[in-house]
Amino acid sequence: MPTECTQERFGFEAVERRAVEASFSGGTITANAGALLLRQLDRGLGLVRAFASCFVDRRDQRLVEHRVETLVGQRIFALALGYEDLNDHDELRHDPTFAVLAGKLAPVLRSDCAPVAGKSTLNRLEHTPKRDGAKYHKIDYDEARIERLLVELFVAAHEQAPREIVLDLDATDLPLHGRQEGRFFHGYYANYCYLPLYVFCGRHLLLAKLRRADIDASAGAVAAVARMVAQIRQRWRKTRIILRADSGFAREALMAWCEANSVDYVFGLARNARLEAIVAEPLAAAARRCAETGQPARVFRDFRYRTLDSWSCERRVVGKAEHTLGGANPRFVVTSLPARQRDARALYEDLYCARGEAENRIGEQFELFADRVSSLTMQANQLRLWFSAMAYVLLDTLRRIALRHTQFADAAVTTIRLKLLKLGAQVRTSVRRIHFALAAGCPNKHEFAMAHLSLRRAFSSA
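Residues numbered from 1 in each chain as written. Predicted model: local features only at pLDDT ≥ 70, side-chain atom pairs only at ≥ 80, totals over all residues. Heavy atoms only, no water.

Brief notes about the overall build of the protein chain
Phase 1: Assigned secondary structure in the protein chain consists of 16 helices and 19 strands.
Phase 2: By its C-alpha atoms, the protein chain is 75 × 65 × 55 Å across when sized along the principal axes.
Phase 3: Taken across its 462 residues, the protein chain has 47% of its residues classed as buried.
Phase 4: For the protein chain, the proportion of contacts with a sequence separation of at least 24, taken over those separated by at least 6, is 65%.
Phase 5: For the protein chain, the accessible area works out to roughly 23,500 Å², and carbon and sulfur atoms hold 49% of it.
Phase 6: Looking at charge distribution, the protein chain has the averaged site of its 68 positive side-chain charges lying 4 Å from that of its 54 negative ones. (Helix = DSSP H or I, 4+ residues; strand = E, 2+ residues; numbered from the N terminus. Buried < 20%, exposed > 50% of the residue type's maximum accessible area, 1.4 Å probe, protein only. Contact = heavy atoms within 4.5 Å. Areas by Shrake-Rupley, 256 points an atom, 1.4 Å probe, with all protein chains shown as cover. Lys, Arg positive; Asp, Glu negative; His and termini not counted. Charge placed at Lys NZ, Arg CZ, Asp CG, Glu CD.)

Considerations on the pattern of salt bridges
A side chain with one charge can pair with a side chain of the opposite charge if their charged atoms come near.
Phase 1: For the structure shown, the criterion picks out 36 salt bridges.
Phase 2: With a shortest N-O distance of 3.5 Å, R355 and E359 are connected by a salt bridge.
Phase 3: What emerges from the salt-bridge pattern is a single network uniting R298, K320, E322, R345 and E349. (Salt bridge = Lys/Arg side-chain N within 4 Å of Asp/Glu carboxyl O.)

Let's talk about the sheet that holds strand 8 (residues 184-186)
Phase 1: The 3 strands lie next to each other as 7-9-8, forming an open sheet whose pairing is antiparallel. Unpaired on one side and paired on the other, strand 7 (174-175) and strand 8 mark the two borders of the sheet.
Phase 2: Strand direction decides the pairing type here: strand 8 and strand 9 (residues 191-194), joined by 3 bridges, are antiparallel. If you follow F184 over to strand 9, its bridge partner there is C193. (Pairing = 2+ DSSP bridges.)

With respect to the packing of helix 8 (residues 221-235) against helix 9 (residues 252-260)
Phase 1: Contact geometry of helix 8 with helix 9 gives a least axis separation of 9 Å together with a crossing angle of 25°. With respect to their mutual orientation, helix 8 and helix 9 come out roughly parallel. The hand of the helix 8/helix 9 crossing is right-handed. In this structure, helix 8 uses A221, V222, V225, A226 and V229 to contact helix 9, whose residues at the interface are A253, L254 and W257.
Phase 2: By residue class, the composition of the contact of helix 8 with helix 9 is 8 nonpolar, no polar and no charged. (Axes fitted to C-alpha atoms, helices over the stretch in contact; angles between N-to-C directions. Parallel < 35°, antiparallel > 145°, perpendicular 65-115°, else oblique. Left-handed = near helix turned anticlockwise from the far one by under 90°. Nonpolar A, V, L, I, M, F, W, Y, C, P; charged D, E, K, R; others polar.)

Comments concerning helix 1 (residues 36-45)
Phase 1: The set of residues buried in helix 1 consists of L37, L38, L41 and D42. Down the axis of helix 1, the buried set is contained in an arc of 130°. They therefore lie on one face.
Phase 2: Downstream of helix 1 by a residue or two, G46 has a phi angle that is positive, lying close to 75°. (Arc of directions from axis to C-beta.)

Points about the nonpolar core
Phase 1: Core analysis: the biggest nonpolar cluster contains 81 residues, and L38, F51, F55, V72, I76, F98 and L398 have the highest contact counts within it.
Phase 2: Ignoring sequence-local partners within four residues, the contact set of L38 consists of F77, A80, L394, L395, L398 and L421.
Phase 3: Among the nonpolar cores identified, the runner-up in size contains 45 residues, and A171, V225, L283 and A321 belong to it. (Core = buried A, V, L, I, M, F, W, Y, C linked by side-chain atoms within 4.5 Å.)

Considerations on the pairing of strand 13 (residues 264-269)
Phase 1: For strand 13, the tally of buried residues reaches 6 of 6 residues, placing the bulk of the element in the interior.
Phase 2: Sheet topology places strand 12 (residues 240-245) next to strand 13; 4 bridges connect them, and they run parallel. Residue pairing in the sheet places A245 in a bridge with F267 of strand 13.
Phase 3: Crossover connection from strand 12 via helix 9 to parallel strand 13: handedness right-handed.
Phase 4: One ladder, built from 4 bridges, connects strand 13 with strand 17 (residues 331-335); its direction is antiparallel. Each residue of the ladder has a partner; that of V266, found in strand 17, is T335. (Right-handed = clockwise from strand over helix to strand, strands pointing away.)

Observations regarding the side chain of Q382
Phase 1: Here Q382 lies in helix 14 (residues 378-402).
Phase 2: For Q382, a relative accessible area of 6% corresponds to the buried category.
Phase 3: Ignoring sequence-local partners within four residues, the contact set of Q382 consists of Y141, A208, K209 and L210.

Let's talk about the environment of I241
Phase 1: Along the polypeptide, I241 turns up in strand 12.
Phase 2: By relative accessible area, I241 is classed as buried at 1%.
Phase 3: Residues I241 and K119, spaced 122 residues apart in sequence, show a C-alpha to C-alpha distance of 43 Å.

As for the confidence of the model for the protein chain
Phase 1: For the protein chain, per-residue confidence averages 92 on the pLDDT scale, and residues scoring 70 or more make up 96% of the total.
Phase 2: For the protein chain, strand 2 (residues 18-22) is the element with the lowest average pLDDT, namely 85, and strand 12 is the one with the highest, namely 98. (pLDDT = per-residue confidence, 0-100.)

Some remarks on the state of the cysteines
Phase 1: Counted under the stated rule, the structure contains 0 disulfides.
Phase 2: The thiol of C290 is not disulfide-bonded; the next cysteine sulfur, from C353, is found 18 Å away.
Phase 3: Unpaired in this structure, C313 has its nearest cysteine sulfur neighbour in C258, at a distance of 12 Å. (Disulfide = S-S within 2.5 Å.)

Considering the environment of K445
Phase 1: By secondary structure assignment, the location of K445 is in helix 16 (residues 445-458).
Phase 2: Taking the relative accessible area as the measure of exposure, K445 reaches 49% and is therefore partly exposed.
Phase 3: The spatial distance from the C-alpha of K445 to the C-alpha of L420 is 8.7 Å, given a sequence separation of 25 residues.

Structure follows, in structure tokens:
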């Protein structure tokens, strides 16, 4: 007897002698009603429209059902809502929330399709090699415009120029499990991967650059930083800019560029025998203090240092001579900041150690599926990385503007998604109204109301 794989009704254990059943027959119901907040935000922010303007569409517009703005918006909203797979869109295209997000309740040219696109159309968007005039590849993206857009969004998020900003540079691994273009084995991460370069300023994302893994962690950093600094200084001429990164970026080319362009830096510095010899005395003092108190002890030393052949000049180095219950733990940073502005302890503990926040932000990129790099070409995978980046910018702006007075002011994007965006609702459509009847038992009604009010106030002219 053949197995019936598609059930219409699902039975469960009875409750108080009553049968419990379920079926996908509820009609027009959505599990994504909280995304209405994202639409309200995007209408004020203009992120999807700005991102769509970075694409070149060579299709005959008279025959186009789904505009580029609809396609990129659909992809960004879906990632924010937790849908990483293009296959999901064959069902999501019928979700009334996505129709509202797209501002398109019915197809325009065809009667046999949904208001938004399915997996095949979106797949053609993501796999867009630049073959001008090719039959099936008629949408390209402008890489330089997208990278400028991220910095523009960062600058626009500030009402006035800050006195000082700290740009965090970091590289991470995106594991590869196929034969993708640019695939190389990385010894430190012990797998085949890409090695993207990220730049953050606090929670703001300024760069998400996909790179091959057969390079130094700092490869391309000088060009990327030079472009961003020039763009920032066009608007904020007097703002002090400090670069912060781990020892993978303590390279002569980057430090020399900073010194020549009035940009400060504080980078981790890999320890070696010469550096350890310099802090031998304070390290011994820390060991004695640790033995006396039974607690970890730190002693800082400030000194001038130059490598034997790779640095062009002496630079300020701060050594942390730390001894813990597990033994000696010396660490070093190199900086252009003078001691009169930040002493050794403040430089290390208050400024340098704060770079750990950038690692949390990279973790949020993964929560938005930035590590989904399964396409064959690097160009397609770079576009996926930008989709995740734009989804992050959208959710981070929601957190900063709409949730700042709620319990979710510092919540991770996954928490915001689960608590505030993934809300069940029945959708009723009439001639004059589309009504989302949200679940009465939602535990975060107050936060939703506060977010809606904050968005209305922030974008009252939208």
